Amino acid sequence: MDEEASDEKAGRLFPAPSPPPTVLCPQRLPGCDLESLKALQHVLIDNHNRYHIFFNHIKFNSHITHRALAIYAMGGSGPVIEAFYQQDSQNQRPAFASPKPITEQNFVEHLGDENFYEAYTTFFDKAIEEKGAAATLEEFVFSDKYNFNPGRDAASQPNMLSRFVDGLMHPLIHCGYGVEFGLKGMLSEGLAMTALRDDHPRRFLPLPLSVAQVTSDVDKTETKFTSMVLDDTPMIPNKAAIEQGTHAFSILARVLKDPSLAPDGPRQYIAQYPDTLTAHEDKIRAYVDQWTIDLSIPGEIERKMEECIWTTSVMYAVGGWSEKGFTADLFLMHLVTSSLFIPSLIASLSPRAQVLFLRVYFASAIASWISRGRPCFNFKRFFKSTSPVPNTPNNLAVPPADSALTQDAQPPNPFLPLIQSSITHPDDHHTKIQRAFAHFSTIYGPRPKGYFAGTELDGADELDGSLFLRAAVLTADHMGWVGKGEEAKEWSSEGFYV
């Protein structure tokens, strides 16, 4: 490919980011300029051309583009984006040509084989160009054809939806960035990553997908939902609607009370998730099937998205807290960062696929939580013992002038120092989880205490919208305020098995 054609392809795959798909998606913070955009596009294009999606041979995912996009979205400067790219690219595997092209005829034959990353990426580049991003995502992740083929035995099924939520949700995250920022290249990379992930048996996926629990009014609901998501987003709490059906928190309560799902000791680091599926998948599906999604109720998809977001944040923040302190769990953290992309992905899907996505996401989150030891939730003590105000170390700020509105030493906007500190933190996940909590606080911060009083989860009536700020403060304190002189710390991988 000559240089002009290469530049044209790069511009098509990685243009300037588009606005977020809906108001429920994360909005961009001020601070970016042309230098930031040029740095971002350089990272996206150079990474696409030079590196494999897995940085080792046990399928650990590259996070280069995730950090660059998160920094850009939070208003980071071009030099910061470039500096972290130089750091993050040190441990990557070089890209290489696949043994042969991927076609619709041999698509299934090479699933799970990382040697075909280049070929799957090229295949999805073409599919997105011909069919569009939304149609490609819908077909290759949510259709019966690319999940359960009647002509194949159980061991050779495509199971693309299963792969989509594998690997700590990284395929979902990568595709989510593509949809949120309007980047076809990110979506094709994410779909290629999906194809290369391992297929762990998931009996909580209906067979075939068309028999999933979608209400009989789906076809009637489709036009109404599209308008509702894109044009009319209800932000006022609707208690009557919440109390209809079964809430995600009620499912958590039932799982907590099930003695057969109690932790039986630490699990092997990499195998903990598939081992949990092997041991408990039928029971997980039985519980998730009790979670109701009724598209005949106005605003149902927004509510169920919100339930997933609150659920993952509770698992990480309240589940990670005890009287001994806070454990910032590596695996539960990924549930939070992945939930940030639910609104962007949902906006691209048909109602049938939206319900499938929410069910599979919720089931995978439940399985991950169980695999980490199923930590319980002491809501009352959590809210009594944690602070919604960051206490930045070595704060030598000059006292405000007498004419200032307040003499309070605390920051007027408590999220700003948290965001500022995360942008330059050496751990890329710190930036991403703080971006998630900042967005969740923006959307759900006004939720009052007692909002979840109607669920079966003990103590959930103590929850209010300050959860996300409290979680962000706990995370910053755990990971270290490096901009204030503290050493950077790492995520915990010990789990909650005692």
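Parameters and conventions
- Residues numbered from 1 in each chain as written.
- Predicted model: local features only at pLDDT ≥ 70, side-chain atom pairs only at ≥ 80, totals over all residues.
- Heavy atoms only, no water.
- Helix = DSSP H or I, 4+ residues; strand = E, 2+ residues; numbered from the N terminus.
- Buried < 20%, exposed > 50% of the residue type's maximum accessible area, 1.4 Å probe, protein only.
- Contact = heavy atoms within 4.5 Å.
- 1 Å grid on protein atoms, 1.4 Å probe; cavity = no way out; pocket = protein on both sides within 12 Å on 5 of 7 lines; lining within 4 Å.
- Points joined across faces, edges and corners; volume = space filled by probe spheres on them.
- Nonpolar A, V, L, I, M, F, W, Y, C, P; charged D, E, K, R; others polar.
- Polar contact = N/O pair within 3.5 Å; in protein donor to acceptor, adjacent residues only side chain to side chain.
- Axes fitted to C-alpha atoms, helices over the stretch in contact; angles between N-to-C directions.
- Parallel < 35°, antiparallel > 145°, perpendicular 65-115°, else oblique.
- Left-handed = near helix turned anticlockwise from the far one by under 90°.
- Core = buried A, V, L, I, M, F, W, Y, C linked by side-chain atoms within 4.5 Å.
- Arc of directions from axis to C-beta.
- Phe/Tyr/Trp six-rings, centres within 6.5 Å; stacked < 30°, edge-to-face > 60°.

Asker: What should I look at first to understand the overall build of the protein in this one?
Answerer: Within the protein, the secondary structure is distributed over 21 helices and 2 strands. Looking at the 498 residues of the protein, the share that counts as buried comes to 58%. Across the protein, contacts joining residues at least 24 apart in sequence account for 76% of those joining residues at least 6 apart.

Asker: How should the layout of surface pockets be read in this particular structure?
Answerer: Left-over empty space is what a probe sized like a water molecule reveals as it rolls over the atoms. Quantified by volume, the largest pocket comes out at close to 990 Å³. The wall of the largest pocket is formed by 42 residues, among which F60, H63, L168, H170 and Y269 lie closest to the centre. Considering each element in turn, the lining of the largest pocket owes the most residues, 4 residues, to helix α15 (residues 330-339). The class makeup of the residues in the lining of the largest pocket is 16 nonpolar, 16 polar and 10 charged.

Asker: Which parts of the structure should I look at to understand the environment of D294?
Answerer: Here D294 shows up in the loop between α13 (272-288) and α14 (300-320). The exposure class of D294 is partly exposed, given its relative accessible area of 27%. A distance of 2.6 Å separates the side chain of D294 from the side chain of S296, its partner in a polar contact.

Asker: I tried to follow the packing of α14 against helix α17 (residues 351-371) on my own but got confused; where do I start?
Answerer: Helices that pack against each other are described as a pair by the angle of their axes relative to one another and the distance between those axes. Contact geometry for α14 and α17: axes closest at 11 Å, N-to-C directions at 15 degrees. Compared by their axis directions, α14 and α17 come out roughly parallel. Both α14 and α17 take part in a crossing whose hand is left-handed. Side by side, α14 and α17 meet where I301, K304, M305, C308, T311, T312 and M315 of the first sit next to Q354, L358, Y361, F362, A365, I366 and W369 of the second. Looking at the contact of α14 with α17 residue by residue, the classes come out as 10 nonpolar, 3 polar and 1 charged.

Asker: Quick question: what am I supposed to make of the nonpolar core here?
Answerer: Within soluble globular proteins, side chains that are nonpolar tend to cluster in buried spots. F107 and Y316 are the most contacted members of the largest nonpolar core, which has 144 residues in total. The element contributing the most residues to this core is α17, with 14 residues. With near-sequence residues (within four places) excluded, Y316 lies in contact with F326, T327, A328, D329, L332, M333, V336, I433, F437, T475 and W491.

Asker: Honestly, the side chain of S62 in this entry has me stumped. Any pointers?
Answerer: The residue S62 is located in the loop between α2 (34-50) and α3 (64-73) in this model. In this structure the side chain of S62 is engaged in a polar contact, spanning 3.4 Å, whose partner is the backbone nitrogen of I64.

Asker: Got a minute to help me understand empty space enclosed by the protein in this structure?
Answerer: This structure, assessed with the given rule, holds 6 cavities of 30 Å³ or more. Looking at the largest cavity, its volume works out to about 70 Å³. As for the largest cavity, its lining consists of H63, H66, H170, I173, Y177, H334, T337, L340, F341, H429 and K432. Taken together, the elements giving at least two residues each to the lining of the largest cavity come down to α8 (170-181), α15 and α20 (428-444). Per-element tally for the lining of the largest cavity: the top contributor is α8, with 3 residues. Grouping the amino acids of the lining of the largest cavity by side-chain chemistry returns 4 nonpolar, 6 polar and 1 charged.

Asker: It is not clear to me how helix α4 (residues 78-88) should be interpreted in this structure. Could you clarify?
Answerer: For α4, every residue scored as buried is listed here: G78, I81, F84, Y85 and D88. Down the axis of α4, the smallest arc covering the buried residues is 140 degrees, so these residues share one side. Looking at the packing, one finds that the buried side of α4 touches α2, α3 and α19 (415-423).

Asker: Whenever I open this one, the side chain of T455 confuses me. Can you help?
Answerer: The residue T455 is located in the loop between α20 and α21 (467-479) in this model. Other than its neighbours up to four places away in sequence, T455 contacts H247, F249, S250 and A460.

Asker: Looking at this structure, how should I read the packing of aromatic side chains?
Answerer: The description of two aromatic rings rests on the distance between their centres and on the angle between their planes. Across all of its chains, the model carries 29 aromatic pairs by this definition. On the basis of an interplanar angle of 90 degrees and a centroid distance of 5.9 Å, the ring pair of F107 and F124 is categorised as edge-to-face. A residue pair is termed long-range when its members are at least 10 positions apart, and F107 in the loop between α4 and α5 (117-131) and F124 in helix α5 qualify at 17 residues. With a relative accessible area of 0%, F124 lands in the buried category. A centroid spacing of 6.5 Å and a plane angle of 45 degrees characterise the contact between Y444 and F468, whose relative ring orientation is tilted. Here F468 lies in helix α21 and Y444 lies in helix α20, a separation of 24 residues in the sequence. F468 shares its class with Y444; the two are buried. Feature note: the residues F249, W310, F440, Y444, Y451, F452 and F468 constitute an aromatic cluster, connected by ring pairs.

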